[in-house]
Amino acid sequence: MRINKLTAVGIIIVCVMGFLAIFAPQVSRYDPSAINLEKALMPPSQEHPMGTDSLGRDLFARMAYGGRISLSVGFVAVGIAVLIGVFIGSIAGYYTGWIDSVISRFIDIMLCFPTFFLMLSVIAILGPNIFNIMVIIGVTNWTGVARLIRAEILSLREREFIEAARATGASDLRIITRHLIPNALGPVLVSATLGVAGAILLESGLSFLGLGVQPPTPSWGNILTEAKATLGIAWWITVFPGFAILITVLGYNLLGEGLREHFNPHRKA
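Residues numbered from 1 in each chain as written. Predicted model: local features only at pLDDT ≥ 70, side-chain atom pairs only at ≥ 80, totals over all residues. Heavy atoms only, no water.

### Digging into the overall build of the protein chain
Secondary structure assignment for the protein chain yields 12 helices and 0 strands. Listed N to C, the secondary structure of the protein chain is α-α-α-α-α-α-α-α-α-α-α-α in terms of helices and strands. Along the first, second and third principal axes, the C-alpha set of the protein chain runs to 75 × 45 × 25 Å. Looking at the protein chain as a whole, 42% of its 269 residues qualify as buried. Long-range pairs, those at least 24 residues apart, make up 70% of the contacts in the protein chain between residues at least 6 apart in sequence. Accessible surface, the protein chain as shown: approximately 14000 Å² in total, 68% of it carbon and sulfur. When the 19 positive and 16 negative side-chain charges of the protein chain are each reduced to one mean point, those points stand 5 Å apart. (Helix = DSSP H or I, 4+ residues; strand = E, 2+ residues; numbered from the N terminus. Buried < 20%, exposed > 50% of the residue type's maximum accessible area, 1.4 Å probe, protein only. Contact = heavy atoms within 4.5 Å. Areas by Shrake-Rupley, 256 points an atom, 1.4 Å probe, with all protein chains shown as cover. Lys, Arg positive; Asp, Glu negative; His and termini not counted. Charge placed at Lys NZ, Arg CZ, Asp CG, Glu CD.)

Shown next as C-alpha cells:
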C-alpha cells in the first residue's frame, strides 16, 4: 500500500491520540477528578501543561482520560453500526427479490428520520450515560454500511468463485460468511474509519449539550461545556479540548481517505 503524505499525517494523529488515551494513567500525574480550589484557573505551566479548570483539576489529565471516553464511544458505536449494517446488507444483497425490496424500503425509511433529533428523543427517554450514547449512535448509523455491503454483494454473488461454492454444496450461510462478506469489506472499512470521526463529533456535541457523558466523568464535550463559564478569563479550557476534537476528527478523516484510495478499483497502479 502506497501511503501519501496526508494519509501518513492521519496515521500519526490517530496513533498519538490513541496512545494518550490508552496510557492516560502513565502520561498524567494527576487524578482527573481531584479538586484543588487553591489552583483553580491556573494557566498552562510546567506543573500543569494545559492549565487547570475552575475547580483546580488538571486539564491535561482530564483531556487524556476524556480521550478514552470519546474514542471508546467512537469505536464501540461504529462497531455496533457495522455489525447491524453488515448483517442486514448481506441478507438483502444475497437473496435479492422481495427480501431485498423490503429491506431497501426499510433503509429508506430510516434515512428519512433526522438522526440527531432521533438521538435526542431516545436519550430523553433512556437517560444520558455512556452506554446509551454508544448504543444510540450505533443503532442510528448503520444504514450507510448496509447499503455499501448490499451493493458489494450484489456485484459478487454471480462471480465464478461463488458459483463454484454453490456447486460444492456450500450452504447460504457459509457462502455469505466465508466468501462474500470478506471480499466486500473494503468499502466498509473506509466507512467505519470515517464513522469513528462522526461518532466522536456526535458524542462531543451531545456531551456539550449536557445529554452525553455526565460529569465528573471527563469527555472532550463536557469539558467544553464547563469552559463556557470561563471563556473570557481562561482561554486554555476552550482551546485544548476544541483542538483535540478537531485534530482527532481530521486524523480519522485523512486515514479514511487513504483507505478509500487504496480500495478504489480504478486507482492507478
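### Points about the environment of T168
Relative to the elements of secondary structure, T168 occurs in the loop between α8 (160-167) and α9 (172-183). The class for T168 is exposed, based on a relative accessible area of 67%. Put simply, T168 and V9 are 159 residues apart on the chain and 47 Å apart in space, counted from C-alpha to C-alpha.

### Things to note about a nonpolar patch on the surface
A surface patch of nonpolar side chains, amounting to about 430 Å² of accessible area, comprises W235, V239, F243 and L246. Tracing the backbone through its elements, the reader meets F243 in helix α12 (residues 236-263). (Patch = residues over 30% accessible without salt bridge, like charges linked within 9 Å, V, L, I, M, F, W, Y side chains within 5 Å. Salt bridge = Lys/Arg side-chain N within 4 Å of Asp/Glu carboxyl O.)

### So, the nonpolar core
One finds I137 and L180 to be the most contacted residues of the largest nonpolar core, which totals 55 residues. In terms of residues, this core owes the most to one element, helix α3 (residues 59-95), which gives 11 residues. Beyond its immediate chain neighbours, meaning those up to four positions away, I137 contacts V73, A77, M119, A199, L202 and E203. (Core = buried A, V, L, I, M, F, W, Y, C linked by side-chain atoms within 4.5 Å.)

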